[in-house]
Amino acid sequence: MSDLKPLILHGLIGPPNPTKVALVLSELDLPYEVRNYEHHEAKQEPFLSLNPNGRFPALEDPNTDIVLWESGAIIDYLIDTYDKAHKLSYATFPEKHLARCWEHFQMSGQGPYFGQKAWFSRLHPEKVPSAVDRYAAEIRRVTSVLDGHLKRQKEEQGNYCLVGDRVTYADIMFVPWSVLVPIFAAPEMDLSEFEHYGAWLASLVERPAIKNIVDQVTNTYKVAG
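Residues numbered from 1 in each chain as written. Predicted model: local features only at pLDDT ≥ 70, side-chain atom pairs only at ≥ 80, totals over all residues. Heavy atoms only, no water.

- Naming follows an unreviewed UniProt entry, where the protein appears as Glutathione S-transferase of Stachybotrys elegans.
- The Sequence similarities (unreviewed entry) field of the UniProt record for the protein holds the comment "Belongs to the GST superfamily." (UniProt positions renumbered as here; feature names shortened; annotations may be inferred.)

This is how it looks when you write it as C-alpha cells:
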C-alpha cells in the first residue's frame, strides 16, 4: 500500500478510542499520521467540523476524500476499505458476524463502563462511592464474560482468539482499556483470577504492531500518575 497517501488520525494516542484506531491502522500496515490536540480543543473549531460530537477521534482519508468519526465506525471503514485480504477480519459465515458481536460488546460494554470507572475514581469533582463500586463491578463482569468465552475458545479451538482461529479487529479493540485498567482506571483491582483473559491480553500486547503503541500509552499514563 505504498501508493497510499497517509491517513490522518485526529486525536491523542493515549485515550482509548483514538488508540484503538491507531492499533488497527498499524496492524493493517497503513500509512498514517497523528494530528495531536489539547483535550479542550475537541469542543472547538476546527475539530468540531470533523466530529460534531466533540470527542476524539476523527479520521481523515485523503485517498477516498472522507472524514469519519466514532471509533467503531472508523474501524468498520478501515476493515471494509483496506482489509481486502482479511488479515483482521473474516469474509466467512458465521465468523464475520460473530466478530461484529464482540466489536459491539466492546463499544457498548467495555468502553463506557471502564471509562466511567476512571471518571468517578479520578476526575469527578465529588466522591461518589456507589458509582465507583458500580463501575468496578462492571469491570469485573465484562472481564468475566471475556474470560469465560476465551476459556471455551481454548478448549474447543486451541487458541485465545475471540472468533475463529486468528486475531481480528474485535480482539484489538479491547486492548487500550484492558491495558489501562491496572495503571489508570482501576489500579486497586486484582484481575489475576481471570487467567484466560490475562493470557489473551498478554499475547495481544506482544504483537509488534501493537506493542509500540501500547508502550507509548503506558508510559504516558505512568508519567501522568
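This is not the end of the story, as more comes after the structure.
Things to note about the pairing of strand S2 (residues 32–35)
Right, on to step 1. Sheet analysis places strand S1 (residues 7–10) next to S2, joined by four bridges and oriented parallel. By the bridge assignment, Ile8 is partnered in S2 with Glu33. (Pairing = 2+ DSSP bridges. Helix = DSSP H or I, 4+ residues; strand = E, 2+ residues; numbered from the N terminus.)

Section: the sheet that holds strand S3 (residues 58–61)
Right, on to step 1. Taken together, the four strands give an open sheet; going across it, the order is S2-S1-S3-S4, and neighbouring strands pair in mixed fashion. The sheet is open, and its two edges are formed by S2 and strand S4 (66–69), each paired on a single side. The mean inter-strand angle of the sheet, taken between neighbouring strand axes irrespective of direction, is 20 degrees.
Right, on to step 2. Along the sheet, helix H1 (residues 16–27) makes contact with S1, S2 and S3, crossing S1 at roughly 160 degrees. (Axes fitted to C-alpha atoms, helices over the stretch in contact; angles between N-to-C directions. Contact = heavy atoms within 4.5 Å.)

Considerations on the domain arrangement of the protein
Think of interface size as the accessible area that goes away when the parts come together; that is how it is often given.
Right, on to step 1. By the assigned domains, the protein splits into domain 1 (7–82) and domain 2 (95–224).
Right, on to step 2. Computed from C-alpha atoms alone, the centre-to-centre distance between domain 1 and domain 2 is 21 Å.
Right, on to step 3. Area buried by domain 1 at its contact with domain 2 is led by Pro16, Leu23 and Glu27, which between them contribute 38% of it.
Right, on to step 4. Along the contact surface separating domain 1 from domain 2 lie one salt bridge. (Domains from an automatic or database assignment. Buried area = accessible area lost by both parts, 1.4 Å probe. Salt bridge = Lys/Arg side-chain N within 4 Å of Asp/Glu carboxyl O.)

Description of the side chain of Asn51
Right, on to step 1. Within the secondary structure, Asn51 is located in the loop between helix H2 (47–50) and S3.
Right, on to step 2. A polar side-chain atom of Asn51 sits 3.5 Å from the main-chain carbonyl oxygen of Pro57.
Right, on to step 3. Contacts of Asn51, omitting those with residues within four sequence positions, involve Pro57, Ala58 and Trp69. (Polar contact = N/O pair within 3.5 Å; in protein donor to acceptor, adjacent residues only side chain to side chain.)

Overview of the state of the cysteines
Right, on to step 1. Applying the stated rule across the entire model yields zero disulfides.
Right, on to step 2. The thiol of Cys101 is not disulfide-bonded; the next cysteine sulfur, from Cys161, is found 16 Å away.
Right, on to step 3. Exposure remark for Cys101: the relative accessible area of 48% places this residue in the partly exposed category.
Right, on to step 4. Judged by its relative accessible area of 7%, Cys161 is buried. (Disulfide = S-S within 2.5 Å. Buried < 20%, exposed > 50% of the residue type's maximum accessible area, 1.4 Å probe, protein only.)

Concerning the layout of surface pockets
Right, on to step 1. What the largest pocket holds in volume is close to 1000 Å³.
Right, on to step 2. When residues of the lining of the largest pocket are traced back to their parent elements, those giving at least two are H1, helix H4 (95–123) and helix H7 (175–185).
Right, on to step 3. At nine residues, the largest contribution of residues to the lining of the largest pocket is made by H4.
Right, on to step 4. Here the residues of the lining of the largest pocket are counted per class, giving 14 nonpolar, ten polar and four charged.
Right, on to step 5. For the lining of the largest pocket, the two domains that each supply at least three residues are domain 1 (7–82) and domain 2 (95–224). (1 Å grid on protein atoms, 1.4 Å probe; cavity = no way out; pocket = protein on both sides within 12 Å on 5 of 7 lines; lining within 4 Å. Points joined across faces, edges and corners; volume = space filled by probe spheres on them. Nonpolar A, V, L, I, M, F, W, Y, C, P; charged D, E, K, R; others polar.)

Digging into the UniProt feature "domain: GST N-terminal" (unreviewed entry) in the protein
Right, on to step 1. UniProt tags residues 5–86 as "domain: GST N-terminal" (unreviewed entry).
Right, on to step 2. Secondary structure across residues 5–86 divides into 34% helix and 20% strand, with the first and last C-alpha atoms of the span separated by 21 Å.

Re the pattern of salt bridges
Right, on to step 1. Within this structure, the stated rule accounts for eight salt bridges.
Right, on to step 2. The residue Glu188 makes a salt bridge to Lys117 at a minimum N-O spacing of 2.9 Å. Taken together, the positions of Glu188 in the loop between H7 and helix H8 (195–205) and Lys117 in helix H4 put the pair 71 residues apart, joining distant regions of the chain.
Right, on to step 3. Taking the relative accessible area as the measure of exposure, Lys117 reaches 1% and is therefore buried.
Right, on to step 4. For the salt bridge of Lys151 with Glu155, the shortest nitrogen-to-oxygen distance reads 2.6 Å. With Lys151 and Glu155 both in helix H5 (residues 129–157), this residue pair falls four residues apart, about one helical turn.
Right, on to step 5. Given a relative accessible area of 37%, Lys151 falls into the partly exposed group.

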